[in-house]
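Per-entry structural report
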Amino acid sequence: MANIKVAVRVRPISARELNLTGSEVVIRAEPNEISLTNLKVSSSKAGDSRERTRRYAFDYCFDSSNPEAKNYATQATIYETLGQSILDVMFSGYNYCLVAYGQSASGKTYTMMGTKEDPGLIPRLCEGIFSKIGQENGYDRIYRVTVR
Ligand SMILES: Nc1ncnc2c1ncn2[C@@H]1O[C@H](COP(=O)(O)OP(=O)(O)OP(=O)(O)O)[C@@H](O)[C@H]1O
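None of the values given here were measured: they were computed from a predicted structure. (Residues numbered from 1 in each chain as written. Predicted model: local features only at pLDDT ≥ 70, side-chain atom pairs only at ≥ 80, totals over all residues. Heavy atoms only, no water.)

**Describing the site of the ligand**
Just so we agree on the cut-off: The criterion for a residue being near a molecule or strand is simple. One of its heavy atoms has to lie within 4 Å of it. Here a polar contact is recorded for every N or O atom pair within 3.5 Å, except that within protein the pair must consist of a potential hydrogen donor and a potential acceptor, and residues adjacent in sequence are included only if both atoms are side-chain atoms. Residue exposure ignores everything except the shown protein chains as possible cover, and the areas themselves are Shrake-Rupley values with a 1.4 Å probe. Runs of H or I in DSSP of at least four residues are treated as helices and runs of E of at least two as strands, each being numbered from the N terminus. In this classification, the charged set is Asp, Glu, Lys and Arg, the nonpolar set is Ala, Val, Leu, Ile, Met, Phe, Trp, Tyr, Cys and Pro, and all remaining amino acids, among them Gly, are polar.
Around the ligand lies a shell formed by R9, R11, P12, S64, Q103, S104, A105, S106, G107, K108, T109 and Y110. At 2.7 Å from an oxygen atom of the ligand is found a side-chain nitrogen or oxygen belonging to K108. Within the contact set of the ligand, an oxygen atom lies 2.5 Å away from a side-chain nitrogen or oxygen of T109. In the complex, the protein chains occlude 63% of the 640 Å² of accessible area that the ligand would expose alone. Looking at which element gives the most residues to the shell around the ligand, the answer is helix α3 (residues 108-112), with three residues. Looking at the shell around the ligand residue by residue, the classes come out as three nonpolar, six polar and three charged.

**Some details on the pairing of strand β3 (residues 33-38)**
What counts is decided by this rule: Being paired, for any two strands, means DSSP has found at least two bridges between them.
Alignment of strand β2 (residues 25-30) against β3, held across six bridges, turns out to be antiparallel. Residue pairing in the sheet places V26 in a bridge with T37 of β3. Following β2, the chain reverses through two residues before pairing antiparallel with β3.

**Structural notes on the layout of surface pockets**
Rules: Grid points spaced at 1 Å and placed over the protein atoms alone form the basis of the search, with a cavity being a set where a 1.4 Å probe fits but cannot get out and a pocket an open set showing protein on both sides within 12 Å along at least five of seven lines. Lining residues have an atom within 4 Å of a point. Grid points are joined across faces, edges and corners, and a volume is the space filled by probe spheres set on the points.
Of the volumes computed, that of the second largest pocket is approximately 980 Å³. Along its surface, the second largest pocket is lined by 23 residues, and M90, Y96, I129, V145 and T146 are the ones closest to its centre. Of all the secondary structure elements, the ones that give two or more residues to the lining of the second largest pocket are α2 (75-91) and α4 (121-135). Ranked by residues supplied to the lining of the second largest pocket, first place goes to α4 with six residues.

**Focus on the UniProt feature "binding site: ATP" (unreviewed entry) in the chain**
Under the convention used in this document: UniProt positions are given in the numbering used here, feature names are shortened, and annotations may be inferred rather than shown by experiment.
Using the residue numbers shown here, the UniProt feature "binding site: ATP" (unreviewed entry) corresponds to G102, Q103, S104, A105, S106, G107, K108 and T109. Its location among the elements puts A105 in the loop between α2 and α3. Relative to the assigned elements, T109 resides in helix α3.

**Focus: the nonpolar core**
Put simply, the rule reads: What we call a nonpolar core is a set of buried Ala, Val, Leu, Ile, Met, Phe, Trp, Tyr and Cys residues that are connected through their side-chain atoms within 4.5 Å. Relative accessibility thresholds used throughout: buried, under 20% of the residue-type maximum; exposed, over 50%; partly exposed, between the two (1.4 Å probe, protein chains only). In what follows, residue pairs with any heavy atoms lying within 4.5 Å of each other are defined as contacts.
F62, A73, I78, Y79, L82, I86, L87, F91, L121, L125 and I129 form the largest nonpolar core, which has 11 residues in total. Counting only elements with at least two residues in this core, the list comes to α2 and α4. Here this core gets six residues from one element, more than from any other, and that element is α2. Apart from residues no more than four positions distant in its own chain, Y79 is found in contact with Q84, L87, L121, R124, L125 and G128.

**Let's talk about the packing of α2 against α4**
Short version of the rule: Between N-to-C directions, angles span 0 to 180 degrees; the directions come from axes that are lines fitted to C-alpha atoms, helices contributing only their stretch in contact. Angle categories: roughly parallel below 35 degrees, roughly antiparallel above 145, roughly perpendicular from 65 to 115, and oblique for all the rest. Each crossing gets its hand from how the near helix is turned against the far one by less than a right angle, where anticlockwise is left-handed and clockwise is right-handed.
The contact between α2 and α4 brings their axes to 10 Å, and the two run at 45°. Between α2 and α4, the interaxial angle falls into the category oblique. Two packed elements cross with a definite hand, and for α2 against α4 that hand is right-handed. For the pair α2 and α4, contact is made by Q75, A76, I78, Y79, L82, G83, I86, L87, D88, M90 and F91 and by L121, R124, L125, G128, I129, K132 and I133, respectively. The residue inventory of the contact of α2 with α4, partitioned by class, reads 12 nonpolar, three polar and three charged.

So this is what it looks like as structure tokens:
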């Protein structure tokens, strides 16, 4: 199993971005692939050396661009897909590092922390840690949880 996994999440277009002229790139997220279509490049590509559609593969791709869509990835979806395996690794005694990377306003804080009403990965993981400890039977293990 690879030691590093990369997940991409597509957030909704903001009102500000909608008003921007020139934001003519269409994003599609499949479970393991993101494709970006530059609408400025014609489908025939006549006289244009640029690719109209570029595809990028990742371990996980979450489409949170449209809450009405069937495949909309909620905060719970992200936790169920990533969080559970993180807990399994942690409870097997390994260290785990979770990093959010992306440009400003791309949704790092929303995904990691979320809101009070709809928490993100970190609060859900904290709950998961304590609920897993609570499920452990017997007194042969002592857990020490620290926040640094
Ligand atoms: N999946 C999402 N669904 C709905 N809204 C989102 C989502 N992701 C981000 N947003 C909204 O987009 C805005 C920017 O997100 P956020 O603050 O998480 O970005 P950031 O990457 O942490 O930015 P910065 O690096 O500048 O701190 C916020 O208003 C947030 O609520």
